[in-house]
Amino acid sequence: MSGAEKHARALIVKAWRSRWEALQSPSADEAALGTLMARIEADLVRACEISRQAGASKELSVALGKLGHVALDLGHPDKARTLFEESVAAARETRDPLRLAHAVRHLGQVNQRLGRLDSAGRCYEEALDLYDRDRTAHPLDHANAVRPMALLREELGDAEGARHLWRRAAKLYRAAGVEEGVRECETHLSSP
């Protein structure tokens, strides 16, 4: 790994840690939160620039995806969709199926949020296919791809398809030791 890639990764880690801390203890001061989010965004933009210059597609995909989450935090879903689309394009260059699955899943989620249900479904199908084919995927990542597809099936009125997916997600969340995920699946499965 080059020095540029290490620098980009360090900026991504720093920004993501700052975002996590801000979300864990939200400030009552909107101005301070706005300043913090601007710094996080600036670090991620810089990580994107460094990654592009270094030809580091994986780091670029990760940084763009994180920028997409920040755009969602700031209430800009259309901007997030564009960033997630760029993240997917960069992930395709990595030839890393799990990086691509992760990026495509997030694009699906923002498409679903924007009411682009057909696009969301195609993204989820691609992500699930990638996770299904790669046996090294962590069960939590896999479950987190099944979950939004189950929600989409519910939204589309496909109760049986949704139930199948909720059972599958519950099994994966159990394997990952994420009881909160299991409980959510069971709640959906017990609904009429």
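You'll find the structure just up there.
Keep in mind it's a predicted model, so treat the numbers as computed, not measured.

Draft legend 1. The arrangement of helix H3 (residues 57–73) in detail. Between the first and last C-alpha of H3 there are 24 Å, a value that for 17 residues agrees with the 24 Å anticipated at 1.5 Å per step. Of all 17 residues making up H3, 14 are buried, and the element is well covered by its neighbours. The positive-phi residue at the C-terminal boundary of H3 is Gly75, with phi of around 80°.

Draft legend 2. Focus on the packing of helix H7 (residues 139–155) against helix H8 (residues 159–176). Put simply, H7 and H8 touch, their axes get as near as 8 Å, and they point 160° apart. Our classification of the angle between H7 and H8 gives roughly antiparallel. In the packing of H7 onto H8, the handedness of the crossing is left-handed. Mapping the contact onto sequence places Pro139, Leu140, His142, Ala143, Asn144, Val146, Arg147, Met149, Ala150, Leu151, Arg153 and Glu154 in H7 and Gly161, Ala162, Leu165, Trp166, Arg168, Ala169, Leu172, Tyr173, Ala175 and Ala176 in H8. When grouped by side-chain class, the residues that make up the contact of H7 with H8 number 15 nonpolar, three polar and four charged.

Draft legend 3. Summary view of the pattern of salt bridges. In the structure shown here, the tally under the stated rule is 16 salt bridges. Salt-bridge contacts for Arg52 lead to Glu86; the nearest nitrogen and oxygen are separated by 3.5 Å. Of this pair, Arg52 sits in helix H2 (residues 30–54) while Glu86 sits in helix H4 (residues 77–94), and the two are 34 residues apart along the sequence. Of the charged contacts in the structure, one is a salt bridge between Glu160 and Arg167, with a shortest N-O distance of 3.6 Å. Among the residues examined, Glu160 registers a relative accessible area of 53% and is labelled exposed. When its relative accessible area of 40% is taken as the criterion, Arg167 is described as partly exposed. Shared partners join several salt bridges into a network, and the residues in it are Glu125, Arg153 and Asp158.

Draft legend 4. Fine view of the packing of H2 against H3. The N-to-C vectors of H2 and H3 enclose an angle of 155°; their axes lie 9 Å apart at closest approach. By the angle class used here, H2 and H3 are roughly antiparallel. You can see that H2 and H3 cross each other, and the crossing is left-handed. Seen from H2, the contacting residues are Met37, Ile40, Glu41, Leu44, Val45, Ala47, Cys48, Ser51 and Arg52; seen from H3, they are Glu59, Leu60, Ala63, Leu64, Lys66, Leu67, Val70 and Asp73. Taken together, the residues of the contact of H2 with H3 sort by class into eleven nonpolar, one polar and five charged.

Rules used throughout
- Residues numbered from 1 in each chain as written.
- Predicted model: local features only at pLDDT ≥ 70, side-chain atom pairs only at ≥ 80, totals over all residues.
- Heavy atoms only, no water.
- Helix = DSSP H or I, 4+ residues; strand = E, 2+ residues; numbered from the N terminus.
- Expected span 1.5 Å × (residues − 1).
- Buried < 20%, exposed > 50% of the residue type's maximum accessible area, 1.4 Å probe, protein only.
- Axes fitted to C-alpha atoms, helices over the stretch in contact; angles between N-to-C directions.
- Parallel < 35°, antiparallel > 145°, perpendicular 65-115°, else oblique.
- Left-handed = near helix turned anticlockwise from the far one by under 90°.
- Contact = heavy atoms within 4.5 Å.
- Nonpolar A, V, L, I, M, F, W, Y, C, P; charged D, E, K, R; others polar.
- Salt bridge = Lys/Arg side-chain N within 4 Å of Asp/Glu carboxyl O.

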